[in-house]
Every structure is written in C-alpha cells, then in structure tokens.
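Single-letter residue listing:
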Amino acid sequence: MQISLLGPFEIVTDDNRTFAPNAPKLCQILTVTALQPREAVATGTLIRELWGEDAPAAATRTLQTHVYHARRMLSDMRVTAPGRQLLATQAPGYRIDVKDEEVDASRFERFVQRAQRKLAEGELHRAADDLKQAMSLWRGPVFSNVPAGDVLVGEAARLEELKIRALELRAETELRLGRHREFLPELRSLVNSHPLHEWLHGQLITALHRAGRRAEALQAYQNLYRILKRELGLAPSVELQRLQAQILSAAGPEAPLPLRLRIDHRPGAVPAPVPTTAVAS
C-alpha cells in the first residue's frame, strides 16, 4: 500500500486501487499520523489539529470515535491484508503502522537527505538521480484536499521548505555536471515559480552565460532587478551585482556561480547559500 501526501491525500491499496477519503476529520487524523510512520502521535496533538483552541469538553472521547470510524473505513476499503491494523493505539495516542517507504513524504525526505550526502561527497550523478526521484513524487500542494489545522499547517510549511531545498540542490547538481543548456527550461520554470528567490535567478543567469547566451543572461539580471525593485524596493545582492559585472567584462562564457550551496550531510541540515567572493579580472 501507499499513502500519498505530496499532493491530494490518497491511499493506494495493496491491490492497486486508489481512493481519497472524503471525511475531513478522518483525513486529518490519517495525515498527521502518516507524517510520523510507526511513531505514536499524542492525543493532544490530534485534538489541536482537529479543533485548535476550540476543543470541545469531550474532545478525547470524540477523537476516539473518529479513530474508530477511520479504522472501520480502512477495513471496509480493504486497504491492506485482513488482520493488519493500520491505525493502532499506542501511548500517548495513536500510531499508523506503515513503513517509511509506504509514505511518499518519508520517501521524499530520504531521497533529499541521500542526495545531499552524495553531493557533499562529489557523487554528482547519483545525487542527480536521487533528486529526480524525489521531485517526481510531488503531485501538487501537500495534502491539498485536507482541511489543515494548526499541526498540518506547520507540516505543510516544513515540506514546502524541504521542496525548495531539493530544488536548490537539483540546480546546484545539474550545473556542476555542466548541463547548462539541458537544465535551462527547468531553471526558467523555477524562477517563474519563485520570483523572489535570488539564488535561483543567479543560477539561471549563470547557465545562460555558460550556454553562450550572454545577452539573455544580462536580460535575466535586469528582470530580477525589476522584480526586486517593484516588490521589495531592493537591489540584487552584492554577489549578483558582481556576477553581472563579470558577465559584462567576460571574453568567453566561463564565469563562476554567484552562489554555491554549503552542503551539510547531517540529517535535517539545510544547505545555506555561500557568497562567491572571487571577482573576474
């Protein structure tokens, strides 16, 4: 079976049927627990997700009723083999008894962590493969058909931030592999989706320049300049201004990346953009 969270919430059964439960609170319970496979989620956490600050006096009993209905729904839909209880009671609350590989969000995180480690070790092709598989799991905004309470709002933000990290790692990997022309369409799409992300703009500018499209690289810089002035009243960073100067003075297509990612392979570590200080003479 598979639980899909990176897009509309769906469950794929053992016999490959797909269904999306339409009971809002049952979906919330299953989503919150699926984000922590085989780990107990506290009753208080589930109550906060379902009712926020307005929990009824009988919230614990009502939650037990919702869990009962969730179990019955999973059984009626024959999600997995008979006798396998997916939603189990475990102090201090409930756990969903699935493996990490049965939840797309967990698989995504594992791919990104492994790619980050491979990139730090210089295994660019393997990092690129992991990142490609990671991004292929996304089908849209996370659990977009589930009414998100406080807990799921925070989890959605965390997963979206991890997605941006994966996109940064992917851009870094592809350009270090020299795939400037091949990756240009995706870079343009990323810049359109994240117009205030200066680092991604820098990768697009650099890729265009290294592809021998100097005029378009300078035009991409001017586009970023207009966006930042209009939206924030700011100029591009010193690093990007330096990159523009390098392109203007360059005799050929070679120019250093304006920003490189500091790759930290520790679990959960976020790669931070590192300014390039060298200036082309």
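Read on for an overview of the structure. Numbering of residues begins from 1 in every chain and follows the order in which that chain's sequence is written. Restriction of local features to residues with pLDDT of at least 70 applies here, the model being predicted, together with a cutoff of 80 or more for giving and counting side-chain atom pairs; totals for whole chains, interfaces and linings are based on all residues. Working from all heavy atoms in the structure, the side-chain values ignore hydrogens and water.

1. Some points on the nonpolar core
Condition: Here, the term nonpolar core denotes a set of buried Ala, Val, Leu, Ile, Met, Phe, Trp, Tyr and Cys residues that are joined through side-chain atoms within 4.5 Å. Buried, partly exposed and exposed residues are distinguished by accessible area as a fraction of the type maximum, computed with a 1.4 Å probe on protein chains only: under 20%, between the cut-offs, and over 50%, respectively. Per the convention used, a helix needs a DSSP run of H or I reaching at least four residues, while a strand needs a run of E reaching at least two, with both numbered from the N terminus. By definition in these notes, contact holds between two residues if any of their heavy atoms fall within 4.5 Å.
Ile-3, Leu-5, Phe-108 and Phe-143 are the most contacted members of the largest nonpolar core, which has 79 residues in total. Counting residues per element, this core draws most heavily on helix α6 (residues 150-176), at ten residues. In this view, Phe-108 contacts Leu-6, Ala-134, Met-135, Leu-137, Trp-138, Leu-162, Lys-163 and Ala-166; residues no more than four positions away in its chain are not counted.

2. Regarding helix α1 (residues 24-34)
Residues that lie three or four places apart on an α-helix share one face, since the helix turns once every 3.6 residues. In terms of burial, α1 is largely enclosed, as nine of its eleven residues are buried. Buried within α1 are the following residues: Leu-26, Cys-27, Gln-28, Ile-29, Leu-30, Thr-31, Val-32, Thr-33 and Ala-34.

3. Some details on the sheet that holds strand β4 (residues 41-42)
To summarise the sheet geometry, strands pair through backbone hydrogen bonds and adopt either a parallel or an antiparallel arrangement. Heads up, the condition is: The rule for pairing is simple: two strands pair if DSSP sees at least two bridges between them. Axes, fitted as lines to C-alpha atoms, cover a helix only where it is in contact. Angles between the N-to-C directions of the axes lie from 0 to 180 degrees.
Pairing is antiparallel in the open sheet, where three strands are placed in the order β4-β6-β5. Taken across any chain shown, the strands that pair with only one partner, and hence form the sheet edges, are β4 and β5 (87-90). Here β5 pairs with strand β6 (residues 93-96) via four bridges, running antiparallel. Bridge pairing in β6 places Thr-89 opposite Tyr-94. Against the sheet, α1 makes contact with β4, β5 and β6, and its axis sits at roughly 75° relative to β6, the strand it touches most.

4. Looking at the sheet that holds strand β2 (residues 10-12)
With antiparallel pairing, the three strands of this open sheet are ordered in space as β1-β2-β3. Each end of this open sheet is capped by a strand with a single partner; those strands are β1 (2-4) and β3 (18-19). With three bridges connecting them, β1 and β2 associate as antiparallel partners. Directly across from Gln-2, in β2, lies its bridge partner Val-12.

In short, geometric facts, not functional conclusions.
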